[in-house]
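Single-letter residue listing:
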Amino acid sequence: MEHSENNDQMTTLSQVMETLRKRGIHKEFRMNDKYQMKYDNSEKNYLPEELSILKTYRFEGDSNPDDNVALYVLQDNAQNLGIIIDSYGAESNYPGEKFDAFLRAIPIQESEEY
């Protein structure tokens, strides 16, 4: 989000999410309890190679390590844009190794656009 209209520093999760929402990026990719990655309310199960990470934002709590959050901007092969929000550190939104392994397997195509 390095565009000239975004010169002010976005330092909070809510600021980044609001900027993305204004740009039409508000749907989420989520892993369900069967370890299937889904886009919003679709029925499609994604494989890591069907997605690309375009941008990663990390936020660290000033006083509490439990406040660590990562926001990923992703795109699927059909050009759908969405986000994944994950608390990291001591607690994660997704317990176990399957989410971490899935996330690590997604190709990164960093884009300054986001």
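Residues numbered from 1 in each chain as written. Predicted model: local features only at pLDDT ≥ 70, side-chain atom pairs only at ≥ 80, totals over all residues. Heavy atoms only, no water.

## Considering the nonpolar core
In this structure, Phe29, Met37, Leu51, Leu74 and Ile84 are the most contacted members of the largest nonpolar core, which totals 16 residues. Elements that contribute at least two residues to this core include exactly strand E1 (29-31), strand E2 (37-39), strand E3 (51-59), strand E4 (69-76) and helix H2 (97-105). Residues contacting Ile84, with those up to four places away along its chain left out, are Phe29, Met37, Ala70, Leu71, Tyr72, Leu74, Phe99 and Leu103. Counting residues in hydrophobic clusters, the runner-up holds 12 residues, among them Val16, Leu54, Tyr57 and Ile83. (Core = buried A, V, L, I, M, F, W, Y, C linked by side-chain atoms within 4.5 Å. Buried < 20%, exposed > 50% of the residue type's maximum accessible area, 1.4 Å probe, protein only. Helix = DSSP H or I, 4+ residues; strand = E, 2+ residues; numbered from the N terminus. Contact = heavy atoms within 4.5 Å.)

## A word on the sheet that holds strand E5 (residues 81-87)
A sheet is described by the order of its strands in space; here 3 strands give the open sequence E3-E4-E5, paired in antiparallel fashion. Two strands in the sheet have a free side with no partner beyond their single neighbour: E3 and E5. On average, each strand axis in the sheet is inclined to that of its neighbour by 20°, with strand direction left out of account. Two elements, E4 and E5, share 7 bridges in a ladder whose sense is antiparallel. Residue pairing in the sheet places Leu74 in a bridge with Gly82 of E5. Of the strands in this sheet, E3, E4 and E5 are in contact with helix H1 (residues 13-22), which crosses E4 at around 20°. Contacts from H2 reach E3, E4 and E5, with the element oriented near 135° to E5. (Pairing = 2+ DSSP bridges. Axes fitted to C-alpha atoms, helices over the stretch in contact; angles between N-to-C directions.)

## Details of the pairing of E3
Side chains on a regular strand alternate between the two faces of the sheet. Extensive coverage of E3 is indicated by the burial of 7 of its 9 residues. With 8 bridges connecting them, E3 and E4 associate as antiparallel partners. Pairing of Ser52 across the sheet is with Gln75, part of E4.

## What about the pairing of E5?
Among the 7 residues that make up E5, 6 are buried, leaving the element largely enclosed by the rest of the structure. In this antiparallel pair of consecutive strands, E4 and E5, the connection spans 4 residues, and Gln79 shows a positive phi of 75°.

## Thoughts on the packing of aromatic side chains
Ring pairs (aromatic) are described by centroid distance and by the angle formed between their planes. Scanning the entire structure with this criterion turns up 2 aromatic pairs. Note on Phe29 and Tyr39: the rings are 4.7 Å apart at their centroids and 45° apart in plane angle, and the pair reads as tilted. Of the two residues, Phe29 sits in strand E1 while Tyr39 sits in strand E2, which places them 10 residues apart along the sequence. Across this residue pair, the class does not change: Phe29 and Tyr39 are buried. Geometrically, the ring pair formed by Phe29 and Tyr46 is edge-to-face, given 5.4 Å between the ring centres and 75° between the ring planes. Of this pair, Phe29 sits in strand E1 while Tyr46 is found in the loop between E2 and E3, placing the two residues 17 residues apart along the sequence. Take Tyr46: its relative accessible area is 7%, and that puts it in the buried class. Here a set of aromatic residues connected by ring pairs shows up, and it is made of Phe29, Tyr39 and Tyr46. Above the ring of Tyr46, the side-chain terminus of Lys44 is found at 5.0 Å from the ring centroid. A cation over a ring is seen here: Lys55 above Tyr57, with NZ or CZ 5.8 Å from the ring centre. (Phe/Tyr/Trp six-rings, centres within 6.5 Å; stacked < 30°, edge-to-face > 60°. Lys NZ or Arg CZ within 6 Å of the ring centre and 35° of its normal.)

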